[in-house]
Amino acid sequence: MNTILLYLINLVIASWVTCLADRSIADRPLWTQRSYCLACHHVLSWYDLIPLVSAFILRGHCRSCQAPYATWKRLLLVEGVIPLIGLFVLVTGSWTMVVTFYLLVFLALEDWATMTCTVFPAWIWAGFLFLLKEPSSNDIICMVTVLILVTLLSVTKLLGWGDVPVILIACLIFDSANFALFIIVACLSTLVYLLVSTRRQAPFIPFLTLAFVLLLILTH
Ligand SMILES: [Zn+2]
C-alpha cells in the first residue's frame, strides 16, 4: 500500500515536471495558470488531469479541440517509466537524489526537443548541493578542474552551456570513481545514439540523465 502511494506521488510529480517541460518547449510562461491545452488554451478540468485514467479515456487528445497531446509512447514514459524510476530513487536514495532526478528529467525533455534548456534551476541546485556537501579542499580542486574542462568544451561548442551545471551536479553527488563512470556511460551512450540516429547533433543531457539513473541502479 505504501509503495502504491509513493508511486502515485511520483506519478503526480512526473506529470507536473513534464507539463512544465512542455510549456518551456512551446516557449510559454511556466507558472501563469492551471494546466491547459497548448493547442487551444482550454483550461483542463480536474477530471482531465487524473493520472492514467484521463489519458486513457481521452485517448491522449484534448477534450475541447481534439489535438493530440500525448502518444502512447509518451504516456508510457510519463506515467510509467519516469514515476517508476522516481519511486526507485525515492526508496533507495535521499530526497536530494529525487530532486536531482526530476530536475534532470525536466532539462532532458527540453534538451531532447530543442537542443537547449532552462539552465538557471540547474545552477541554483548545484549551488545548494555545494553548500549541503561542505566539500573538502580536494573536492573543491576537483570541482574547479571539472568546471574549467567542461567550460572549455562549451566554448568550443563540443558541449552546450546547459551541460555545465548538470555535470557539476553529478560531480557533487558521486565520488570520483562513480563520477568517471557517469561521464563514460553518458559519452558512450551518446556515441551509440549518434551512430544509429539520423540526427547530426545529439542532445547531451538526456544521456547524462540516463547515466545518472544507471549509476544509481548499479551503486544502490
Ligand atoms: Zn485543445
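These numbers were taken from a predicted model, which means no experiment stands behind them.

**A word on the coordination of the zinc ion**
For step 1, the next point in the chain: Within the protein, C37 (SG), C40 (SG), C62 (SG) and C65 (SG) serve as the donor atoms for the zinc ion, at 2.3 to 2.4 Å.
For step 2, the next point in the chain: Bound by 4 donor atoms, the zinc ion shows angles of 106 to 116° at the metal and therefore tetrahedral coordination geometry.
For step 3, the next point in the chain: Spacing between the donor residues of the zinc ion along the chain follows C-x2-C-x21-C-x2-C.
For step 4, the next point in the chain: A residue is classified by how much of its surface remains accessible, and C62, at 3% relative accessible area, is buried.

**Examining unusual backbone geometry**
For step 1, the next point in the chain: With a phi angle near 60°, D27 is a residue other than glycine that sits in the positive phi range.
For step 2, the next point in the chain: By the secondary structure assignment, D27 is in the loop between α1 (2-25) and α2 (53-58).
For step 3, the next point in the chain: Phi at Q66 takes a positive value of approximately 70°, unusual for a residue other than glycine.
For step 4, the next point in the chain: If you trace the backbone, Q66 turns up in the loop between α2 and α3 (72-92).
For step 5, the next point in the chain: On the basis of relative accessibility, which here comes to 49%, the residue Q66 falls in the partly exposed class.

**Quick look at empty space enclosed by the protein**
For step 1, the next point in the chain: As enumerated under the stated definition, the model contains 1 cavity of 30 Å³ or more in all.
For step 2, the next point in the chain: In this model, the largest cavity occupies a volume close to 30 Å³.
For step 3, the next point in the chain: Lining the largest cavity are T100, L104, V166, I169, A170, I173, F182 and F212.
For step 4, the next point in the chain: For the lining of the largest cavity, the secondary structure elements donating two or more residues are α4 (95-114) and α7 (163-173).

**A look at the nonpolar core**
For step 1, the next point in the chain: By size, the foremost hydrophobic cluster in this structure holds 47 residues, and its most contacted members are F182 and F212.
For step 2, the next point in the chain: Only α1, α3, α4, α5 (120-133), α6 (137-155), α7, α8 (176-196) and α9 (205-219) provide two or more residues apiece to this core.
For step 3, the next point in the chain: A total of 10 residues in this core trace back to one element, the largest contributor, which is α4.
For step 4, the next point in the chain: Contacts of F212, omitting those with residues within four sequence positions, involve M97, T100, F101, L104, I173, F174 and F182.

Basis of the calculations
Residues numbered from 1 in each chain as written. Predicted model: local features only at pLDDT ≥ 70, side-chain atom pairs only at ≥ 80, totals over all residues. Heavy atoms only, no water. Donors = N, O, S within 2.8 Å, 3.2 Å for Na, K, Ca; no water. Tetrahedral: all angles 85-135°; square planar, octahedral: opposite > 155°, others 65-115°. Buried < 20%, exposed > 50% of the residue type's maximum accessible area, 1.4 Å probe, protein only. Helix = DSSP H or I, 4+ residues; strand = E, 2+ residues; numbered from the N terminus. 1 Å grid on protein atoms, 1.4 Å probe; cavity = no way out; pocket = protein on both sides within 12 Å on 5 of 7 lines; lining within 4 Å. Points joined across faces, edges and corners; volume = space filled by probe spheres on them. Core = buried A, V, L, I, M, F, W, Y, C linked by side-chain atoms within 4.5 Å. Contact = heavy atoms within 4.5 Å.

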